[in-house]
Amino acid sequence: MLMNFTFFLPPEKEAEDIVAFLDAKCAEINALSADIQSEIDTLEAYKRSVITEAVTKGLDKNVPMKDSGIEWIGTIPETWEIGRVKDYYQLQTGFTPSTEIAEYYDDENGYDWVSIADMNDRSRYIVSTKAKISQKYIDIKHPSCSPKGSLLYSFKLSVGKVAFLDNDMYTNEAVASFLPCSYGLLGFLYYSSMFIEENANINIYGAKILNQDLIKNAYVPFPPIADQKKIVVFLDKKCAEIDFIIAQKQEQLAVLADYKKSVIYEYVTGKKEVPVT
């Protein structure tokens, strides 16, 4: 197929001019893209620092502090607690039916089944899923369903993604569900879940590995409910502002990528000629 591919072949001197022009032009575009990506990285780091500060130090800078006893959490307000995830939240993990049994899957009439592919940074809510589980599998296996409002946490392959369920759904084996409860806000855990990764093991390839026990025994800060509510409101607003700026810069990157493609296309197809200098 490659040997039979048809392409444009201008005279050698013209081809050299096009290559030189596109090298320079693409270098300019790449430099602009690199600057914008650097700005995005800075904003992402700033967002994480804002979250870390709020979920470990609170919003009142004048309250007495105490040592949390956990190195990566540091000092916390005196009225806060530090405990394991299982001390405050109810957790369940999902399942993955055998792919060799086609009847276990039903993408048209089945039930929503969340995988990591359904969890992305653009939305904190999962409304529907790409794959679905059949009624037959549910009747045979009776798997646990995660109720609406549950906070999902990815702990295999891609560790640390979080999202809320907009409806009752099932999840696969790489996704854990924190179930709604009356004694702790999942909205606060949405932000403080970053500390769960600190309890992960590292495999020989340097990748983080978590399982249900490691998640349950991870230490997290736990403020009084009143403080949790204030922090969630603050972070929702602050992170939305940062995310809006990041989204604008990501759109700029997309525009530059399209522009680069169009420039290359126009000159390698002869639609435009290299300017004479």
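Okay, so let's go over this structure.

Thresholds, definitions, all that
- Residues numbered from 1 in each chain as written.
- Predicted model: local features only at pLDDT ≥ 70, side-chain atom pairs only at ≥ 80, totals over all residues.
- Heavy atoms only, no water.
- Helix = DSSP H or I, 4+ residues; strand = E, 2+ residues; numbered from the N terminus.
- Buried < 20%, exposed > 50% of the residue type's maximum accessible area, 1.4 Å probe, protein only.
- Polar contact = N/O pair within 3.5 Å; in protein donor to acceptor, adjacent residues only side chain to side chain.
- Pairing = 2+ DSSP bridges.
- Expected span 1.5 Å × (residues − 1).
- Contact = heavy atoms within 4.5 Å.

**Describing the environment of histidine 142**
Thinking step 1. Of note, histidine 142 is situated in the loop between helix H3 (135-141) and strand E8 (151-154).
Thinking step 2. According to the relative accessible area criterion, histidine 142 is exposed, its value standing at 61%.
Thinking step 3. Of note is the side chain of histidine 142, whose polar atom sits 3.0 Å from the backbone oxygen of aspartate 139.

**Topic: the pairing of E8**
The side chains of a regular strand alternate, first on one face of the sheet and then on the other.
Thinking step 1. Here E8 shows no split at all, with Leu151 and Tyr153 on one side and Leu152 and Ser154 on the other all buried.
Thinking step 2. Note: E8 against strand E9 (residues 162-165), 3 bridges, orientation antiparallel. Bridge assignment links leucine 152 to a residue of E9, and that residue is alanine 163.

**A look at the side chain of threonine 269**
Thinking step 1. Positionally, threonine 269 belongs in the segment after helix H6 (225-268).
Thinking step 2. Taking the relative accessible area as the measure of exposure, threonine 269 reaches 17% and is therefore buried.
Thinking step 3. A distance of 2.5 Å separates a polar side-chain atom of threonine 269 from the backbone oxygen of tyrosine 265.

**A look at the sheet that holds strand E10 (residues 170-171)**
Thinking step 1. A sheet is described by the order of its strands in space; here 3 strands give the open sequence E7-E5-E10, paired in mixed fashion. Each end of this open sheet is capped by a strand with a single partner; those strands are strand E7 (131-133) and E10.
Thinking step 2. When strand E5 (residues 111-114) meets E7, the two strands line up antiparallel, connected through 3 bridges. Each residue of the ladder has a partner; that of tyrosine 111, found in E7, is isoleucine 133.

**Comments concerning H6**
Thinking step 1. Across its 44 residues, H6 extends 62 Å between first and last C-alpha, which sits within 8% of the 64 Å expected from 1.5 Å per residue.
Thinking step 2. Every buried residue of H6 is listed here: Gln228, Ile231, Val232, Leu235, Cys239, Ile242, Ile246, Lys249, Leu253, Leu256, Val263 and Tyr267.
Thinking step 3. Against the buried residues of H6 lie helix H1 (12-57), helix H4 (186-192) and strand E14 (219-222).
Thinking step 4. Directly after H6, the chain includes glycine 270, whose backbone phi takes a positive value near 85°.

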